[in-house]
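# Geometric and topological summary
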Amino acid sequence: MLNLEKSKKLFTHALEIIPGGTNTNAKRVYNLLDMENFPAYIERGDGAYVWDIDGNKYIDYIAALAPINIGYSHPRINVRIIEQLEKGSLFSLPSPNEVQLSEMLIDKIPCAEMVKIMKTGAEVTSAVIRAARLATGKEMILSSGYHGWHDWWTAKIGEQGIPACYKNLIEDFEFNNYLQLERLVDNHAGKIACIILTPASYGVEPKDNFLQKARKLADQKGIVLIFDEIITGFRWAMGGAQEKYGVVPDLAAFGKSMANGMPIAVLIGKKELMAPLKTNMITSTFASEALSIAASIETIKIIEEENIIQRLYYLSDRLRAGIKEISQRQNFEIDVMDPTPAVKFEFLINDVEKKKKLTLEFIKQCAAKGLLVRQDGTGVSLCVIAALSGDDVDYTLEVLNKVIGNLKNEL
Ligand SMILES: Cc1ncc(COP(=O)(O)O)c(C=O)c1O
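Residues numbered from 1 in each chain as written. Predicted model: local features only at pLDDT ≥ 70, side-chain atom pairs only at ≥ 80, totals over all residues. Heavy atoms only, no water.

With 21 residues, helix H14 (residues 390-410) extends 31 Å from end C-alpha to end C-alpha; this agrees with the ideal 30 Å at 1.5 Å per step. Of all the residues in H14, the buried ones are Asp392, Val393, Thr396, Leu397, Val399, Leu400, Val403, Ile404, Gly405 and Leu407. (Helix = DSSP H or I, 4+ residues; strand = E, 2+ residues; numbered from the N terminus. Expected span 1.5 Å × (residues − 1). Buried < 20%, exposed > 50% of the residue type's maximum accessible area, 1.4 Å probe, protein only.)

This is the structure:
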């Protein structure tokens, strides 16, 4: 049993003064598990490890919701941030680093001819939608996946506090369901500004040339194709899923892993779609914040020099192979999903309530043995960090074997 006394006390207080207790919803301890069995606060990180405020150490498979791809507190990135900090973090004019970073991104990302740097994923996906509407003069959006908290997207899930008319401007389609996408394009013929989709995610890859078909359809109908690469950028490949799967969108949004945890996101794309933004009111005081830009430049260099992407696949493949072996050994059916550079698996239990209960029990027992893992839909995901050692993977598989053995007794 973990000692989580400080965590519980602080979070109980936070609930009184911060709506929901935290500022990132997915980091709320009650969304991850519960206060009795899961830490509410992390105090520090190093490589693939984090320590909570009660001093418990964990191997972190949540990776701050994906931004940490190289490892916490990386010495080279720290030095680069400190060097910049000593010069200043924000000025009255931009720092020259933003031109250097833009050049690097244009060099690395297939669709990038121009770059606009901002802070968060929601900000750049909103900006990219504006660019598509500006270019086409049309309003309708076809969307697959989560694209951030802003009104244009959250209207789709019926969030309150958003003008009702926004809901009429967005339709959802299922990833990999080309027939549905084609039908929606027909239904809204002549009104669609863009198709925005997440080109892959944990354990989910495009199937049956879905991305190629979406590209062709967008070209035929004069629709802007946008890839939301907030998860896939700098993880699936340096240039994201568009590089990995060989399909180039018109515009794209990148964020999360591009600065190993520092807050930065970019919209990028073809010059003809990006250049008109120079007169459009998409702007922010902190867009030119120099620490994150410096961190991103260093992160991209490290990803390249140290083959970080290859390591993320290697670690994910080892974990997947190990989980498949455990499934056989324990005679416990587990669906280990597509070979992406983050692991996702699901217990194959027909009874929905039982499956949910065992999944939460799994997360609880993992935390008690020093592994932070997260529920993802009806399964569990492990977002690997390149700093994980071979011993960490071995320990992880030992724990999973033990925990899954325990769960079997509860079936
Ligand atoms: C695919 C995708 N797009 C956009 C976002 C929003 O990014 P942010 O939370 O930085 O605003 C997220 C966040 O999880 C995401 O996963």
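Turning our eyes to something else, we now look at the pairing of strand S10 (residues 265-269). The buried count for S10 comes to 5 of 5 residues, which makes it a mostly enclosed element. Side chains of S10 alternate between two faces, with Ala265, Leu267 and Gly269 and Val266 and Ile268 buried alike. Note: strand S4 (residues 114-118) against S10, 5 bridges, orientation antiparallel. By the bridge assignment, Lys116 is partnered in S10 with Leu267. With 4 bridges connecting them, strand S9 (residues 251-254) and S10 associate as antiparallel partners. Among the inter-strand pairings, Phe254 is bridged to a residue of S10, identified as Val266. (Pairing = 2+ DSSP bridges.)

Our next topic: the nonpolar core. Core analysis: the largest hydrophobic core is formed by 109 residues, its most contacted members being Leu181, Leu197, Phe345 and Phe362. When residues in this core are grouped by element, the largest group, 8 residues, is from helix H12 (residues 308-329). Filtering out sequence-adjacent residues up to four positions away, Phe362 remains in contact with Phe345, Phe347, Val373, Val380, Leu400, Val403, Ile404 and Leu407. Counting 25 residues, the second-largest nonpolar core is a separate cluster that includes Val124, Ile129, Ala253 and Ala265. (Core = buried A, V, L, I, M, F, W, Y, C linked by side-chain atoms within 4.5 Å. Contact = heavy atoms within 4.5 Å.)

Time to look at the packing of aromatic side chains. Going through the model one piece at a time under the given rule, you end up with 11 aromatic pairs. Judged by centre distance (5.2 Å) and plane angle (75 degrees), the ring pair of Phe175 and Phe210 falls under edge-to-face. In this pair, Phe175 is assigned in the loop between strand S6 (170-172) and helix H7 (178-187) and Phe210 in helix H8 (residues 210-221), connecting sequence segments 35 residues apart. Clustering of aromatic rings is evident, with ring pairs tying together Phe332, Phe345, Phe347 and Phe362. (Phe/Tyr/Trp six-rings, centres within 6.5 Å; stacked < 30°, edge-to-face > 60°.)

Next up on the list: the site of the ligand. In the vicinity of the ligand, the residues found are Thr120, Gly121, Ala122, Tyr146, His147, Gly148, Thr198, Asp228, Ile230, Ile231 and Lys256. Contact between the ligand and Ala122: an oxygen atom at 2.8 Å from a main-chain N or O atom of the residue. Contacts to the ligand include Lys256, whose side-chain N or O atom sits 2.9 Å from an oxygen atom. When the ligand sits alone it has 390 Å² of accessible area, and the protein chains cover 75% of it. (Near = heavy atom within 4 Å. Polar contact = N/O pair within 3.5 Å; in protein donor to acceptor, adjacent residues only side chain to side chain. Areas by Shrake-Rupley, 256 points an atom, 1.4 Å probe, with all protein chains shown as cover.)

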